Amino acid sequence: MIGLISATAAGAAARDRLAVAWPDRTRVYDGPVGDAVRRAFAECEQLVCFLATGAVVRLLAPLLGDKASDPGVVCVDEGGRFAVSLVGGHGGGANGLALEVGELLGAEPVVTTATDAVGIPGLDTLGLPVEGDVAGVTRALLDGAPVALDAEVAWPLPPVPFAREGAYTVRVTDRAVEPAPQEVLLRPPSLVVGVGASRGAPVEEVLDVVEGALRDAGLSPRSVAALATVDAKAAEPGIVAAASRLGVPVVTYSAEELAAVEVPNPSEAPLAAVGTPSVAEAAALLGGGELLVPKRKSAGAPAMATCAVVRRPGRGRLAVVGLGPGARDLLTPRAKDELRRASVLVGLDQYVDQIRDLLRPGTRILESGLGAEEERARTAVAEARKGQAVALIGSGDAGVYAMASPALAEASDDIDVIGVPGVTAALAAAALLGAPLGHDHVSISLSDLHTPWEVIERRVRAAAEADIVVTFYNPRSRGRDWQLPKALAILAEHREPKTPVGVVRNASRPDQTARVTTLVDLDPATVDMMTVVTVGNTATRLIAGRMVTPRGYRWQEETE
């Protein structure tokens, strides 16, 4: 919950804008400001104070305890010009909150955390439990001192400028070890604990067998990702309570799924009780991985709980990112986040140049030229399989005539794949032309490099006969100068010569051009590979110089 505190009418107006925008996230604290801050500090995870920073500092000073537990505080000035991340930038999430508040109120976010200022992700912001000399190692990164990465467990991390060797170390491990001097431990969620329990098994007995298994194997409880069990035990109080105390979810599988898993220690007892010869081992192993602790029983008499521990390999992460048509303001915030999250970027060299300034220091860039699309797709998937966080970029939407399809053809279920949509060339062009895509429409590439012309022609003819608006991608190049005239001739068999046609080159870029002509007047020689051509249907009209394809709303007919 975000506590909102204000002292003046102007502050209250801005406060109320946040309250209306985030009704489920915010709570307004009225009354004397000092009392409001104290109550909000005790009850909320974050605060937004519409007060002078000096006043907020004095009010907060006696309340501050530890940066790991204090709420994040953002201060917004009286004029709504700045949203200052004041306290808890990383641990309390104030840096991110300042960005959100700034976007909503039109204020400039002010983030002074050193790592954010130079583009290095804070070690306490990587989404993993962290232990050790965070301040010292972070200072070494900021000073450019060599900091080595010791990844005992491969895990996808955002880019950090690590060195091969150094006096400072960041170790990624799930082992129960203490951090050495000048060392930070990152705890990846690499362990899955399979659990079986008799009806009514006490939570203490379940916890004892789980914690004992981890302790004896030298594994850290902070790396446990989940307790896994059979569906029939999903609501077993002892398992549910044990997961709650460990701070992890309960994951369940059907008895049929578990029975199909090969385990070293099957048993007749669970087969008779829940329909599978193994619960603990099978549930832990179902997602794959290395069995570190075979099934062991609790110490009760009789034993009422069992567990097994598996280390699952770190799953690489492949984000397929659409960059939009070229303009920076048409690059989505989600795309920017993924670019900054990736430790490896794969893309066409000219697209890399568009967003190079958005990448964090330490990002490894693998760029290549035109014609190497399949090689880039294979490279991106291979890097993700190594446990890396990878971004594969394409123009427009990466799933439209771009890199998503070859990449996903290479990828299997051993990596996580995230699609990040982008504004397509067709949409960017349509916005410049008016509303040509107001009804059914189709995009067709006229490039026959990968698709036989016979197939392309059949698709054009089908669109023509169906009276669908058509946007042509890759309409004409030096070596392909006859396909566009042929496609236009097919459309002309079903549409009037004066059918509106939009021609847009380099949509959203500094040298963009957009014009509207007609099917009979379009000169294909004025079109190249950087152009998209949109041909209207029989209902498309020119209104005030803009292409408009009516949707056909009934209310329009009634009012005409």
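Please refer to the structure placed before this passage.
The written sequence of each chain sets the order in which its residues are numbered from 1. pLDDT decides what is reported in this predicted model: residues at 70 or higher carry local features, side-chain atom pairs at 80 or more are listed and counted, and totals for whole chains, interfaces and linings draw on all residues regardless. Processing note: side-chain calculations cover all non-hydrogen atoms of the structure and skip hydrogens and water entirely.

A. Region of the structure containing the packing of helix α17 (residues 453–465) against helix α18 (residues 483–492). One way to put it is that α17 packs onto α18 with a least axis distance of 9 Å and a crossing angle of 30 degrees. Considered as vectors, α17 and α18 are oriented roughly parallel to each other. The interaxial crossing formed by α17 with α18 has right-handed handedness. Between α17 and α18, the residues in contact are W453, E457, V460, R461 and A464 and Q483, K486, A487, I490 and L491, respectively. Considering only residue class, the contact of α17 with α18 consists of 6 nonpolar, 1 polar and 3 charged. Orientation is described by axes fitted as lines to C-alpha atoms, over the contacting stretch for helices, and by angles from 0 to 180 degrees between their N-to-C directions. Helical segments are the DSSP runs of H or I of at least four residues, strand segments are the runs of E of at least two, and each set is numbered from the N terminus. Put simply, angles under 35 degrees are roughly parallel, angles over 145 are roughly antiparallel, angles from 65 to 115 are roughly perpendicular, and the rest are oblique. With the far helix as reference, a near helix turned anticlockwise by less than a right angle produces a left-handed crossing, and one turned clockwise produces a right-handed crossing. The contact criterion used throughout is that any non-hydrogen atoms of two residues lie within 4.5 Å. Polar here means any residue other than Ala, Val, Leu, Ile, Met, Phe, Trp, Tyr, Cys and Pro, which are nonpolar, and Asp, Glu, Lys and Arg, which are charged; Gly is therefore polar.

B. Examining the pattern of salt bridges more closely. Salt bridge, as applied in this entry: a Lys or Arg side-chain nitrogen positioned within 4 Å of an Asp or Glu carboxyl oxygen. For the structure shown, the criterion picks out 31 salt bridges. Measuring nitrogen to oxygen at the nearest pair gives 3.5 Å for the salt bridge that ties R27 to E43. One end of the pair, R27, is in strand β2 (residues 26–28); the other, E43, is in helix α2 (residues 33–43), with 16 residues separating them in the sequence. Buried means the residue's accessible area, taken with a 1.4 Å probe over protein chains only, is under 20% of the maximum for its type, while exposed means over 50%, and partly exposed covers the values in between. You can call E43 partly exposed: its relative accessible area is 44%. D357 is the salt-bridge partner of R328, the closest N and O atoms lying 2.9 Å from each other. Of this pair, R328 sits in the loop between β16 (317–322) and α12 (333–341) while D357 sits in the loop between α13 (349–355) and β18 (364–368), and the two are 29 residues apart along the sequence. Here D357 falls in the exposed class, since its relative accessible area comes to 56%. Three or more residues are tied together by salt bridges with common partners; here these are E152, R171, R175 and E183.

C. Layout of unusual backbone geometry. We note that Q182 has phi near 60 degrees; this positive angle belongs to a residue other than glycine. Relative to the elements of secondary structure, Q182 occurs in the loop between β9 (168–172) and β10 (183–186). Classification of Q182 as partly exposed rests on a relative accessible area of 34%. One non-glycine residue, N506, lies in the positive phi region at around 55 degrees. Looking at where N506 falls in the secondary structure, it is placed in the loop between β24 (500–505) and β25 (513–518). A relative accessible area of 7% places N506 in the buried class.

D. Spotlight on the side chain of R317. Structurally, R317 can be placed in strand β16. When its relative accessible area of 15% is taken as the criterion, R317 is described as buried. When sequence neighbours within four positions are dropped, the list of residues in contact with R317 reads P156, E338, R341, A384, Q388, A389, V390, D416 and I418.

E. Structural view of the sheet that holds β16. Here, any two strands with at least 2 DSSP bridges between them count as paired. Spatial strand order, β18-β17-β19-β16-β20: 5 strands in an open sheet with parallel pairing. Every other strand in the sheet has two partners, leaving β18 and β20 (416–420) as the edge strands with one partner each. With direction set aside, neighbouring strand axes in the sheet form an average angle of 15 degrees. Sheet topology places strand β17 (residues 344–348) next to strand β19 (residues 389–394); 3 bridges connect them, and they run parallel. Directly across from V344, in β19, lies its bridge partner V390. Contacts between α12 and the sheet are confined to β16, β17, β19 and β20, with β16 contributing the most and set at about 140 degrees to the helix.

F. The pairing of strand β15 (residues 305–311), seen in detail. Among the 7 residues of β15, 6 are classified as buried, and the element is accordingly described as predominantly covered. Pairing between strand β11 (residues 191–197) and β15: 7 bridges, direction antiparallel. Considered in β15, the bridge of G194 is made with A308. Pairing of strand β14 (residues 290–297) with β15, which is carried by 5 bridges, proceeds in the antiparallel orientation. Bridged to K297 within β15 is T306.

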